[in-house]
Amino acid sequence: GDLILATTGAGARFELDLPAASPDAPSSQAPASEAAAPATCPLRLLVVDDEAPVREMLGDLLASEGHEATIVDGAEPALVAAAAGRYHAALVDLSLPGRSGPDLARDLRSEDPALAVVVITGWGRERELAELDPAVVDLTATKPMDLPQLRRLLHHAARLTAGRRGDPPCEE
């Protein structure tokens, strides 16, 4: 399906478009978009975003994919969570109150040098993403992302972390 974020004034509107299964389609047949998705296993993820609707949506979506996500609203709670747990990847919003996403990414990488850090932001800020330090930020993405894109991003991030830790890659 597709998740679309449309900001309007001081608020945000999310549209979730999910394909309906045909009543006579075999239950074992996956939609074509899912068949092309990389295999993943349950991941532990740290998600940092200051917008409550984005946090809630990502938390629900990641849980529906079988992942365990620690969802926080800023840099300080993210650092506390990172110190207390070991994650496959961190998804960090570019703009956070009090501390920028790239600054937080640097702190997270200091806490766990193997952790794959993904910085995400709304469209229109691609130039800022391109200027991020590749020694600190592994991957970048713009919102909105569709589900297959999010799956590929998480799969790539988890493989980076596993490779740095010397762990076997997470495969189904």
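Placed above this text is the structure.
All figures in this text were calculated on a predicted structure; none of them were measured in a lab.

## Comments concerning the overall build of the chain
Then comes step 1: Within the chain, the secondary structure is distributed over six helices and seven strands.
Then comes step 2: Secondary structure elements in the chain, listed N-terminal to C-terminal, are β-β-α-β-α-β-α-β-α-β-α-β-α.
Then comes step 3: Considering only residue pairs separated by 6 or more positions, the chain has 62% of its internal contacts joining residues 24 or more positions apart.
Then comes step 4: If you sum the accessible surface of the chain, you get close to 9,200 Å²; carbon and sulfur atoms cover 52% of it.

## So, unusual backbone geometry
Then comes step 1: Each neighbour pair has its own omega, and for lysine 143 with proline 144 the value is 0°, a cis peptide bond.
Then comes step 2: Considering the arrangement of structural elements, one finds proline 144 in the loop between strand S7 (139-143) and helix H6 (147-165).

## A look at the nonpolar core
Side chains that are nonpolar tend, in soluble globular proteins, to be buried together.
Then comes step 1: Membership of the largest hydrophobic core comes to 23 residues, with the highest contact counts inside it found for Leu46, Val48, Val92, Leu104, Leu108 and Val119.
Then comes step 2: In terms of residues, this core owes the most to one element, helix H3 (residues 75-84), which gives five residues.
Then comes step 3: Excluding residues within four positions of it along the chain, leucine 104 makes contact with Val48, Ala75, Ala78, Leu79, Val92, Leu96 and Arg99.
Then comes step 4: Membership of the second largest hydrophobic core comes to 22 residues, among which are Cys41, Leu62, Leu139 and Cys170.

## Description of the pattern of salt bridges
Then comes step 1: Per the stated rule, a full pass over the model turns up eleven salt bridges.
Then comes step 2: The salt bridge involving aspartate 49 is made with lysine 143; its shortest N-O contact spans 3.0 Å. With aspartate 49 in the loop between strand S3 (44-48) and helix H2 (52-64) and lysine 143 in strand S7, this residue pair connects regions lying 94 residues apart in the sequence.
Then comes step 3: Of the residues examined, aspartate 49 reaches a relative accessible area of 0% and is grouped as buried.
Then comes step 4: Here arginine 99 and glutamate 76 are joined by a salt bridge, their closest N and O atoms 3.2 Å apart. Pair noted here: arginine 99 is in the loop between strand S5 (89-93) and helix H4 (101-111) and glutamate 76 is in helix H3, with a separation of 23 residues, a long-range link.
Then comes step 5: We classify arginine 99 as partly exposed; its relative accessible area is 23%.
Then comes step 6: The network of salt bridges with shared partners includes Asp49, Asp93 and Lys143.

## Considerations on the pairing of S3
Then comes step 1: Counted residue by residue, S3 has four buried out of five residues, so it is predominantly covered.
Then comes step 2: Sheet analysis places S3 next to strand S4 (residues 68-72), joined by five bridges and oriented parallel. Opposite arginine 44, over in S4, you have glutamate 68 as the bridge partner.
Then comes step 3: Regarding topology, H2 serves as the crossover connection from S3 to the parallel S4, and that connection is right-handed.
Then comes step 4: Pairing of S3 with S5, which is carried by four bridges, proceeds in the parallel orientation.

## Describing the sheet that holds strand S6 (residues 116-122)
Then comes step 1: One open sheet accounts for five strands, arranged S4-S3-S5-S6-S7; its pairing is parallel. In the strand order of this sheet, the two ends are held by S4 and S7, each with one partner. Each adjacent strand pair in this sheet contributes to an overall mean axis angle of 20°, direction not counted.
Then comes step 2: The sheet contact formed by S5 and S6 spans five bridges and is parallel. If you follow leucine 91 over to S6, its bridge partner there is valine 118.
Then comes step 3: Lying over the sheet, H3 contacts S3 and S4, oriented at roughly 165° with respect to S3.

## A closer look at H4
Then comes step 1: Among the residues of H4, Gly101, Pro102, Leu104, Ala105, Leu108 and Arg109 are the ones counted as buried. For H4, the buried positions fall inside an angular range of 155° around the axis, keeping them on one side.
Then comes step 2: Taken together, the buried residues of H4 touch S3, H3, S5, S6 and H6.

Each value, and the rule that gives it
- Residues numbered from 1 in each chain as written.
- Predicted model: local features only at pLDDT ≥ 70, side-chain atom pairs only at ≥ 80, totals over all residues.
- Heavy atoms only, no water.
- Helix = DSSP H or I, 4+ residues; strand = E, 2+ residues; numbered from the N terminus.
- Contact = heavy atoms within 4.5 Å.
- Areas by Shrake-Rupley, 256 points an atom, 1.4 Å probe, with all protein chains shown as cover.
- Core = buried A, V, L, I, M, F, W, Y, C linked by side-chain atoms within 4.5 Å.
- Buried < 20%, exposed > 50% of the residue type's maximum accessible area, 1.4 Å probe, protein only.
- Salt bridge = Lys/Arg side-chain N within 4 Å of Asp/Glu carboxyl O.
- Pairing = 2+ DSSP bridges.
- Right-handed = clockwise from strand over helix to strand, strands pointing away.
- Axes fitted to C-alpha atoms, helices over the stretch in contact; angles between N-to-C directions.
- Arc of directions from axis to C-beta.

Keep in mind these numbers describe shape, not what the thing actually does.
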